[in-house]
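# Chains, contacts and geometry: an overview
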Amino acid sequence: MSNLSQTWQRLPRGGVWKALGLGCSFGAHFWQNSPKTNMAVRCYEDKDHTADYLKYRLMPNEMVGKIMGMIKQKMPLPAPLAVDVGCGSGQGTVLLAPYFHQVVGTDISPSQLENTQANQTCPNVSYRQCPAEQLPFENGTVDLVTAMTAAHWFDRPRFLEEAYRVLKPGGCLTLLSYTLDMDVEYGDVSEKLKEVCKEFYAPLLPFRDPHLGSSSLQIYKDMFNSCPYPEKEWCECFEVRRPVSLNRYMGIVQTFTSFRKFKEHDSQQAEELSNRIRQKLMDTMQVSSPATEITMVTKYFYWVAWKP
């Protein structure tokens, strides 16, 4: 281990900013305004859960393309190195492959990383197991640090400091996620379907992880406000419309950690809820098959910040 790395590990929270010449007040602002959390949460460890995650989850190709367009205005692409933190099974990681010479996805879950074999079609993409708060990269060597629908599970202050450590000057940190209230559209009954979807989500709220508080959107706003980079941009809503089968929509909701906890609490009630909502959606659509194609509307949000 280098002397610099040893020094870095001994620094107290906020000391990194002083070591980088940013001043005590800059670091103090970062920590005093950071989301109040001192732990990360490990999820998606169960093999059945991670298999369903790989099978059902969708990635916002459109939004990744938009963010890459913003990055291209600041740095020539392809750039040397991007790191996708909390990469899961790699669906989002591979979307970065055209824009970087090397892309590394990291995740704490061995079960998730086992499923990256389905997303190893790009020769410049690889995966490593590690915590989000301890990335295996040297100081100032990464062009992009991103987390796609994962940063809410991290120890957020530690992750933001770790991202600062590994980013090059002028490097980009971008975080994105979505609200868990996807809408379903079909013909002229879309408004009625939205009400049915609300009936699906409501019983899951008591099983929301305490680490997440009441709003994922607020978590990311807090992280954005805590990030002291002078140049940054917040996007509140980026809607992604995707044609999917009704069954796939149901499968996506069933991958939510809140649904999994509900199922652990009472598997019969969880199954009854799913069956009732599926049937009610089909009745509203006046169709007989859950393979019927619908439009799923997901409301993403993201922020982008540039390391000074």
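Residues numbered from 1 in each chain as written. Predicted model: local features only at pLDDT ≥ 70, side-chain atom pairs only at ≥ 80, totals over all residues. Heavy atoms only, no water.

## Let's talk about helix 12 (residues 267-285)
Over its 19 residues, helix 12 extends 27 Å from the first C-alpha to the last, a length consistent with the 27 Å expected when each residue adds 1.5 Å. Those residues of helix 12 not exposed but buried are Ala-270, Leu-273, Ser-274, Ile-277, Arg-278, Leu-281, Met-282, Thr-284 and Met-285. The buried residues of helix 12 all sit within an arc of 165° when viewed along its axis, so they share a single face. Exposed side of helix 12, more than 90 degrees from the buried face: Gln-268 and Glu-271 are the residues found there. Where helix 12 begins, the capping side chain belongs to Asp-266, and its oxygen is found 3.2 Å from the backbone nitrogen of Gln-268. A positive phi of about 60° marks Gln-286, the residue just after helix 12. (Helix = DSSP H or I, 4+ residues; strand = E, 2+ residues; numbered from the N terminus. Expected span 1.5 Å × (residues − 1). Buried < 20%, exposed > 50% of the residue type's maximum accessible area, 1.4 Å probe, protein only. Arc of directions from axis to C-beta. Polar contact = N/O pair within 3.5 Å; in protein donor to acceptor, adjacent residues only side chain to side chain.)

## Description of the nonpolar core
If you look at soluble globular proteins, the nonpolar side chains tend to sit buried side by side. Counting 62 residues, the largest nonpolar core has Leu-96, Met-182, Phe-200, Tyr-249, Phe-256 and Tyr-302 as the members making the most contacts within it. Setting aside its immediate chain neighbours within four residues, Leu-96 contacts Val-64, Met-68, Ala-82, Asp-84, Val-103, Leu-144, Thr-146 and Met-148. (Core = buried A, V, L, I, M, F, W, Y, C linked by side-chain atoms within 4.5 Å. Contact = heavy atoms within 4.5 Å.)

## Overview of unusual backbone geometry
The omega torsion of the bond from Leu-77 to Pro-78 falls at 5°, within 30 degrees of zero and hence cis. In this structure, Pro-78 sits in the loop between helix 5 (61-72) and strand 1 (79-85). In this structure, Thr-149 takes a positive phi of about 60° despite not being glycine. Tracing the backbone shows Thr-149 in the loop between strand 4 (142-148) and helix 7 (156-166). Even without a glycine there, the phi angle at Gln-286 is positive, about 60°. Among the secondary structure elements, Gln-286 is positioned in the loop between helix 12 and strand 8 (293-306).

## Observations concerning the confidence of the model for the protein chain
Residue-level pLDDT values for the protein chain average 84, and 81% of them are 70 or greater. When the criterion is pLDDT under 50, residues 1-39 qualifies, and its contacts beyond four places in sequence or with other chains add up to 61 contacts. (pLDDT = per-residue confidence, 0-100.)

## A few points about the packing of aromatic side chains
Per the counting criterion, the structure on display carries 12 aromatic pairs. Seen in terms of ring centroids, Phe-207 and Phe-262 are 5.1 Å apart; in terms of plane orientation they differ by 35°. Their pairing is tilted. Here Phe-262 lies in helix 11 (residues 257-265) and Phe-207 lies in the loop between helix 8 (190-201) and helix 9 (216-226), a separation of 55 residues in the sequence. Given the relative accessible area of 5%, Phe-262 is considered buried. On the basis of an interplanar angle of 65° and a centroid distance of 5.2 Å, the ring pair of Tyr-220 and Phe-301 is categorised as edge-to-face. Of this pair, Tyr-220 sits in helix 9 while Phe-301 sits in strand 8; the two residues are 81 residues apart in sequence, bridging distant segments of the chain. No difference in accessibility class separates Tyr-220 from Phe-301, as the two residues are buried. By the ring-pair criterion, three or more aromatic residues cluster together here, those being Phe-200, Tyr-201, Phe-207, Tyr-249, Phe-259 and Phe-262. (Phe/Tyr/Trp six-rings, centres within 6.5 Å; stacked < 30°, edge-to-face > 60°.)

## Some points on the environment of Ala-270
With respect to the helices and strands, the residue Ala-270 is situated in helix 12. Residue classification places Ala-270 among the buried positions, given a relative accessible area of 1%. In the structure, Ala-270 is positioned 16 residues away from Gln-254 in sequence and 9.2 Å away in space, judged by C-alpha atoms.

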